[in-house]
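Structural overview for review
Below are the chains, spelled out letter by letter.
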Amino acid sequence: MNSKLPHVGTTIFTTMGKLAHAHDAVNLSQGFPNFSPDPKLLQLVAQAVQSDYNQYAPMQGMFSLRETISEKMETLYGKAYHPESELTVTAGATQGIFTAITTFVKAGDEVIVFKPAYDCYEPAISLNGGTVVPIELKGQEFKVDWAEVNSKITPKTRMVIINTPHNPSGTILSKDDMLQLESLLAGTDILLLSDEVYEHLIFDGRIHESAAKFKGLAERSIICASFGKTFHVTGWKLGYVAGPKSLMREFQKVHQYNVFCVNHPMQKGLAQYLKNPEHYLALSAFYEEKRDYFLRAIQGSRFTFTASQGTYFQVVDYSGITEESDIDFSKRLITEHQLASIPLSVFNLNNADHRQLRFCFAKTKETLDKAAELIHRI
Ligand code: GLN
């Protein structure tokens, strides 16, 4: 078979999820909550189904939903995206990212990707004939070396992809990072794809620095968001992208032949639910409590860690426990200890193995207690 993605296998989330299931493991691998969404949201979607919102939605997404997204972004980030021409509702952030890359990356273009990186960026770049230019995030804090970024920019650079709060590391980009990026891209025609799916999961009083807040970034950015993360509904696969009219026009040319439109009744429910800012502003405190609960519970185990700054992931270091590779170790944790995690090397530059695992703490206290008990036995 002449594969278009010869080096790509099945995703780590599917692999670890299956293994976890087969061994009845406590599953802190793939990132999803194991508790229910707000009944109010479910009620609104049920009403939408009953009220006949069951045919195609508008191609760009329901207007009322786009209006509410626009208001939310203006309030939070001080940037008004026009609901008519600057927002598109997508089938999760994954489709937003894939469509954005497909819209803008041509054969021979270079795309800067920070490693470790979430796994859906690079295959999309390759499928469009682009070249991934990977740059490693540095040290325990996963910092960007902006001088290195500057040195990697060439006339072929078409796009930079950032992700803040960052999966898998749980770190965030600071205002200073964003300003450095803004000045680096000034005067170029390089686009920014800003993956902000964890925008509402940020801890210890930190502030999410959306690309929308920086004029020189907003004008060249497609920003991706996901309702799955924000409202505990990862299975609904609904999100949106925001960007200036000129970019959105091109994005929608691809979107209309990619999915045309996405799930209508859920858009109707979300349009009403999103009107109340409490529904997303309460999320950081909710997950900060879970992070603290989990970290307190695993304190004193042989795993070491620096507290996550955002997302619902916690990276731990197990170098004090074994020399095994992170893939072997994470598989053995499932088969011998019934505990599932994600090995970090799959996201790393050249799959470098720093003996780190990622745990998802978007789980009930009962599940976190069970996980902590297992972790203390390792
Ligand atoms: N974003 C989720 C994670 O990082 C996984 C989503 C998926 O399975 N593709 O765990």
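Coordinates for the structure precede this section.
This structure is a prediction, so every number in the text was calculated from the model and none was measured.

Description of the sheet that holds strand 12 (residues 356–360)
Taken together, the three strands give an open sheet; going across it, the order is 9-12-11, and neighbouring strands pair in antiparallel fashion. Strands at the two margins of the open sheet, each flanked by one partner only, are strand 9 (313–317) and strand 11 (342–343). By the bridge criterion, five bridges tie strand 9 to strand 12 in an arrangement that is antiparallel. Across the sheet, Phe313 pairs through a bridge with Cys360, a residue of strand 12. Against the sheet, helix 14 (residues 326–337) engages strand 11 and strand 12, with an angle of about 45° to strand 12.

Observations concerning the site of the ligand
Taken together, Phe13, Gln30, Gly31, Tyr118, Asn167, Tyr198, Lys229, Phe313 and Arg358 make up all the residues around the ligand. Here an oxygen atom of the ligand sits 2.6 Å away from a polar atom, N or O, in the main chain of Gly31. One nitrogen or oxygen atom from the side chain of Tyr118 is found 3.3 Å from a nitrogen atom belonging to the ligand. Bound to the protein, the ligand loses 80% of the 300 Å² it would expose on its own. Among the residues making up the shell around the ligand, the classes are represented as four nonpolar, three polar and two charged.

A closer look at helix 2 (residues 39–50)
Under the 1.5 Å per step criterion, the end-to-end length of helix 2 is 16 Å for 12 residues, consistent within 8% with the ideal 16 Å. Tucked inside the fold, the buried residues of helix 2 contact helix 11 (264–273). Backbone geometry just after helix 2 places Asp52 at a positive phi near 75°.

Some details on the nonpolar core
Among the nonpolar cores identified, the biggest contains 61 residues, and Leu65, Met73, Phe114, Phe227 and Phe231 are the most heavily contacted of them. Each residue touching Phe114, except ones within four places of it in the same chain, is listed here: Ile135, Leu137, Val144, Trp146, Val149, Val160, Ile161 and Ile162. Val197, Val241, Ala362 and Ile378 belong to the second-largest nonpolar core, a separate cluster that totals 56 residues.

Focus on the packing of helix 4 (residues 92–104) against helix 10 (residues 245–258)
Packing of helix 4 against helix 10 leaves a shortest axis separation of 9 Å and a crossing angle of 115°. By the angle class used here, helix 4 and helix 10 are roughly perpendicular. Here the hand of the crossing between helix 4 and helix 10 comes out right-handed. Here Gln95, Gly96, Thr99, Ala100, Thr102, Thr103 and Phe104 of helix 4 lie close against helix 10, whose contacting residues are Leu247, Glu250, Phe251, Val254, His255 and Asn258.

Some details on the sheet that holds strand 2 (residues 87–90)
The pairing of strands in a sheet comes from backbone hydrogen bonds and takes either a parallel or an antiparallel form. If you trace the seven strands from one edge of the open sheet to the other, you get 2-8-7-6-5-3-4, paired in mixed fashion. With one partner strand each, in any of the chains shown, strand 2 and strand 4 (131–136) form the two edges of the open sheet. The sheet shows a mean angle of 20° between the axes of neighbouring strands, taken without regard to direction. As defined by bridge partners, strand 6 (residues 191–195) adjoins strand 7 (residues 221–226) across four bridges and the pair is classed as parallel. When the bridges of strand 7 are listed, Asp195 appears paired with Cys224. Helix-sheet contacts for helix 10 involve strand 2, strand 6, strand 7 and strand 8 (239–242), and the interaxial angle to strand 2 is about 30°.

Calculation criteria
Residues numbered from 1 in each chain as written. Predicted model: local features only at pLDDT ≥ 70, side-chain atom pairs only at ≥ 80, totals over all residues. Heavy atoms only, no water. Pairing = 2+ DSSP bridges. Helix = DSSP H or I, 4+ residues; strand = E, 2+ residues; numbered from the N terminus. Contact = heavy atoms within 4.5 Å. Axes fitted to C-alpha atoms, helices over the stretch in contact; angles between N-to-C directions. Near = heavy atom within 4 Å. Polar contact = N/O pair within 3.5 Å; in protein donor to acceptor, adjacent residues only side chain to side chain. Areas by Shrake-Rupley, 256 points an atom, 1.4 Å probe, with all protein chains shown as cover. Nonpolar A, V, L, I, M, F, W, Y, C, P; charged D, E, K, R; others polar. Expected span 1.5 Å × (residues − 1). Core = buried A, V, L, I, M, F, W, Y, C linked by side-chain atoms within 4.5 Å. Buried < 20%, exposed > 50% of the residue type's maximum accessible area, 1.4 Å probe, protein only. Parallel < 35°, antiparallel > 145°, perpendicular 65-115°, else oblique. Left-handed = near helix turned anticlockwise from the far one by under 90°.

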